[in-house]
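What the coordinates show
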Amino acid sequence: DDEIERERVSQHLSGGCCALAAIYLMGKFYVANAGDSRAIIIRNGEIIPMSREFTPETERQRLQFLGFLRPELLGKEFTHLEFPRRIQPKELGKKMLYRDQSMNGWAYKKIEEDDLKFPLIYGEGKKARVMATIGVTRGLGDHDLKVFSSNIHIKPFLSCFPEVRVYDLTQYEHCPDDVLVMGTDGLWDVTNDKEVAGVVMEVLTSYEPNDPCRYTMVAQELVVRSRGVLKERGWRLANDKLGSGDDISVFVIPLGGPGNYT
């Protein structure tokens, strides 16, 4: 992240990205995630999550806590409190559900003038945004990102530190159908873990266990199915829902070789 900041100055580059990395070291897989990509292990048909997405929803309390500690980062336009909906001026003095950085549930509070400010986190699911600007809360870069038409920087709320999960390959016997699947959010926006595992099993069983191209074909099939087919109403999935509108990158990494096949 520091290197990206240096390049921003020396090469006049801007922007940012998420990062998902897997490192194999001394019999263990270390999976590090900073962003909204995802990795899962499929072992004997079982799905083992190896990451979690970092979004305004999943990191709500961390973001609110920072806004609480350093209100100057919010400018005069935002509040760190969250409400079920936008507060209207006519609701001043009334009671409304809210939650802050210390709360998992909701409580009531009397609406004050500061509560009319735009919430630090607004929206739900994929539409959730930090300061109405960005939908992912960890990653690299974005040092120049600001709230539209303001001088409020978003970078203080974005973290470049990944969450790392460890998987010990020596604890299990793995066959050639056991894999690590790594994908960007373009895959997971329209395809859940169970559906991905279904595609993995479907494609792998159509190839011989010692055929190395079988894993590439799984990755290709996951990309194609998530993108969908171009029709009159845009890219559509098999169920006629909209295909992924985001970039789709997929890696399928085998955990066992032909010699482990049982």
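Within every chain, residues take consecutive numbers counted from 1 along the sequence as written. Only residues with pLDDT of at least 70 get local features here, since the model is predicted, and only at 80 or more are side-chain atom pairs given and counted; chain-wide, interface and lining totals rely on the full set of residues. Values reported for side chains reflect all heavy atoms of the structure, with hydrogen atoms and water molecules removed beforehand.

As annotated in an unreviewed UniProt entry, the protein carries the name PPM1J phosphatase and comes from Atlantisia rogersi.

A few words on the side chain of Asp-36. As for its position among the elements, Asp-36 is in the loop between strand S3 (28-34) and strand S4 (38-43). Given a relative accessible area of 10%, Asp-36 falls into the buried group. Throughout, a contact is declared for two residues whenever any of their heavy atoms are within 4.5 Å. Apart from the residues within four sequence positions on either side, Asp-36 is in contact with Cys-18, Glu-53, Phe-54, Lys-126, Val-136 and Asp-185. Put simply, DSSP H or I for four residues or longer makes a helix, DSSP E for two residues or longer makes a strand, and each gets a number counted from the N terminus. Relative accessible area decides the class of each residue, using a 1.4 Å probe on protein chains only: under 20% of the type maximum gives buried, over 50% gives exposed, and in between gives partly exposed.

Let us look at empty space enclosed by the protein. Unoccupied space between atoms shows up once a probe the size of one water molecule is rolled over them. Using protein atoms alone on a 1 Å grid, points that fit a 1.4 Å probe yet trap it form a cavity, whereas open point sets bounded by protein on both sides within 12 Å along at least five of seven lines form a pocket; residues with an atom within 4 Å of a point count as lining. Grid points are joined across faces, edges and corners, and a volume is the space filled by probe spheres set on the points. All chains considered together, the criterion is met by 1 cavity of 30 Å³ or more. The volume enclosed by the largest cavity comes to roughly 30 Å³. If you trace the largest cavity, you find it lined by Phe-83, Arg-85, Arg-86, Ile-87, Asp-115, Lys-117 and Pro-119. Partitioned by chemical class, the residues of the lining of the largest cavity number 3 nonpolar, no polar and 4 charged. Just so you know the grouping, Ala, Val, Leu, Ile, Met, Phe, Trp, Tyr, Cys and Pro go in nonpolar, Asp, Glu, Lys and Arg go in charged, and all remaining residues, Gly too, go in polar.

To form a nonpolar core, buried Ala, Val, Leu, Ile, Met, Phe, Trp, Tyr and Cys residues must be joined to one another through side-chain atoms within 4.5 Å. In terms of nonpolar packing, the biggest core is built from 19 residues, with Val-179, Val-181, Val-196, Val-200, Leu-222, Val-250 and Val-252 touching the most fellow members. Broken down by secondary-structure element, the contributors of at least two residues to this core are S4, strand S14 (179-183), helix H3 (185-188), helix H4 (193-204), helix H5 (213-227) and strand S17 (250-254). With 6 residues, H4 is the largest single contributor of residues to this core. Counting residues in hydrophobic clusters, the runner-up holds 16 residues, among them Leu-66, Ile-121, Val-136 and Phe-157.

With that settled, consider the sheet that holds strand S13 (residues 163-168). The rule for pairing is simple: two strands pair if DSSP sees at least two bridges between them. On the basis of which strands lie adjacent, the open sheet formed by 3 strands has the order S2-S3-S13 and antiparallel pairing. Among the strands making up the open sheet, the edge pair consists of strand S2 (19-25) and S13. When the angles between neighbouring strand axes are averaged without regard to direction, this sheet yields 15 degrees. Relative to S3, S2 runs antiparallel, the two sharing 7 bridges. Within S3, the position partnered with Ala-22 by the bridge is Val-31. Note on method: axes are straight lines fitted to C-alpha atoms, helices fitted across the in-contact stretch only, with angles between N-to-C directions ranging 0 to 180 degrees.

The pairing test for Phe, Tyr and Trp rings, Trp by its six-membered ring, is centres within 6.5 Å, and the orientation test on the planes gives stacked under 30 degrees, edge-to-face over 60, and tilted for anything in between. Applying the stated criterion to the full structure yields 4 aromatic pairs. Taken together through their ring pairs, the aromatic side chains of Phe-78, Phe-118 and Tyr-122 make up a single cluster. Its end group placed over the ring of Tyr-172, Arg-43 keeps NZ or CZ at 3.7 Å from the ring centre. A positively charged side chain is recorded as over a ring if its NZ (Lys) or CZ (Arg) lies within 6 Å of the ring centre. The angle to the ring normal must also be within 35 degrees. Positioned above the aromatic ring of Phe-54, the side-chain terminus of Arg-138 is 4.1 Å from the ring centre.

Roughly 560 Å³ of volume is contained in the largest pocket. Every element with two or more residues in the lining of the largest pocket is listed here: strand S1 (16-17), S2, strand S12 (140-141) and S14. Among the residues making up the lining of the largest pocket, the classes are represented as 12 nonpolar, 11 polar and 9 charged. Residue ranges labeled as domains rest on an automatic or database domain assignment. Looking at the lining of the largest pocket, you find at least three residues from each of domain 1 (20-52 + 162-254) and domain 2 (59-157). In this model, the second largest pocket occupies a volume close to 270 Å³. Elements supplying a minimum of two residues to the lining of the second largest pocket: H4 and H5. The element that contributes the greatest number of residues to the lining of the second largest pocket is H5, accounting for 3 residues.

Turning next to a nonpolar patch on the surface. Only residues whose relative accessible area exceeds 30% and that form no salt bridge enter a patch; like-charged residues are grouped when within 9 Å of one another, and nonpolar side chains (Val, Leu, Ile, Met, Phe, Trp, Tyr) when within 5 Å. To measure how exposed things are, a 1.4 Å probe is used in the Shrake-Rupley method; for residues, cover is taken only from the protein chains shown. Salt bridges, as used here, are contacts in which a Lys or Arg side-chain nitrogen is within 4 Å of a carboxyl oxygen on Asp or Glu. Where nonpolar side chains cluster on the molecular surface, the patch consists of Ile-23, Leu-25 and Met-26 and spans about 370 Å² of accessible area. Inspection of the secondary structure assignment puts Met-26 in the loop between S2 and S3.

Before going further, it helps to examine the sheet that holds S4. A sheet is described by the order of its strands in space; here 4 strands give the open sequence S5-S4-S14-S17, paired in antiparallel fashion. Of all strands in the sheet, those with a lone pairing partner are strand S5 (46-49) and S17, marking the two edges. Neighbour-to-neighbour, the strand axes of the sheet open up by a mean angle of 20 degrees, direction not taken into account. In terms of strand pairing, S4 meets S5 through 4 bridges, oriented antiparallel. Counted as the bridge partner of Ile-42 is Ile-47 from S5.

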